[in-house]
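Listed here are the chains, written in short residue letters.
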Amino acid sequence: MNRGTGMNREPPGMAVHEARMRLALRQAKLAAEAGEVPVGAVVYNGGELAGQAWNQTRMLKDPTAHAEMLAITQAASAAGDWRLVDSILYVTKEPCPMCAGAIVLARIPLVVWGMSDPQRGGAVSRFQILQTAELNHRSEVLTGVLEAECTALIKDFFKKRRLESKNDEDFE
């Protein structure tokens, strides 16, 4: 067992983390195409893809339909257990407090993300939920994987949104 992660195998190397983050980026692009904030997530359980999702809060009219929440739900269903102790979550942006809480409850040992969120990050940047000693589980984190691509996707999305909003105002 790999100490500190709870996983039954050695964690994958950076090339594997990057390949898996590219899958999360693909999910994030689907979110952008649907007009959702472009965040994507994938969960690998026991080395196998067990869940993948993109933000769907607007489409589902559900404030909890974040990419991480949906991917964790899929992975738990596939595993037949809510404890995902042999899993790695990959997400394009640092999880919010809600998602970080779900990660702790699911006992996911390793969370990998692309861009940090210093204003609202619930994992380590703003709130340190994944590392809170008072909780029953802590997750290791690996940050900055494909950070430039993840950041560009979010920035481009909101830049486009601002331009569309400005153009809409011009026609009123």
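This report concerns the structure included in the present document. (Residues numbered from 1 in each chain as written. Predicted model: local features only at pLDDT ≥ 70, side-chain atom pairs only at ≥ 80, totals over all residues. Heavy atoms only, no water.)

1. A short note on the packing of aromatic side chains
Note the threshold: Stacked, edge-to-face and tilted labels apply to pairs of Phe, Tyr and Trp rings (six-membered ring for Trp) whose centres lie within 6.5 Å, assigned for plane angles under 30 degrees, over 60, and everything in between, in that order. Every helix listed is a DSSP run of H or I at least four residues long, and every strand listed is a run of E at least two residues long, numbered separately from the N terminus. Exposure is judged per residue with a 1.4 Å probe applied to protein chains only, and the accessible area is read against the type maximum: over 50% gives exposed, under 20% gives buried, and values in between give partly exposed.
Here the structure, examined in full by the defined rule, presents 2 aromatic pairs. The interplanar angle of 85° and the centroid separation of 6.1 Å between the aromatic rings of tyrosine 44 and tyrosine 90 together place this pair among those described as edge-to-face. A residue pair is termed long-range when its members are at least 10 positions apart, and tyrosine 44 in strand 1 (residues 40-45) and tyrosine 90 in strand 3 (residues 87-93) qualify at 46 residues. The class for tyrosine 44 is buried, based on a relative accessible area of 10%. Residue classification places tyrosine 90 among the buried positions, given a relative accessible area of 0%. Each ring, one from phenylalanine 157 and one from phenylalanine 158, has its centre 5.1 Å from the other, and the planes form 85°; the classification is edge-to-face. Residue phenylalanine 157 is classed as buried on the basis of its relative accessible area of 10%. By relative accessible area, which is 30% here, phenylalanine 158 ends up partly exposed.

2. A short note on the pairing of strand 2 (residues 48-54)
Which entries qualify depends on this criterion: Being paired, for any two strands, means DSSP has found at least two bridges between them.
Two strands pair when backbone bridges link them, and strand 1 and strand 2 are joined in this way by 6 bridges, in the antiparallel orientation. For tyrosine 44, the partnering residue across the bridge sits in strand 2 and is leucine 49. Taking the residues that link successive antiparallel strands as the turn, the strand 1-strand 2 hairpin has 2 residues, and the phi of glycine 46 there is positive, at about 60°.

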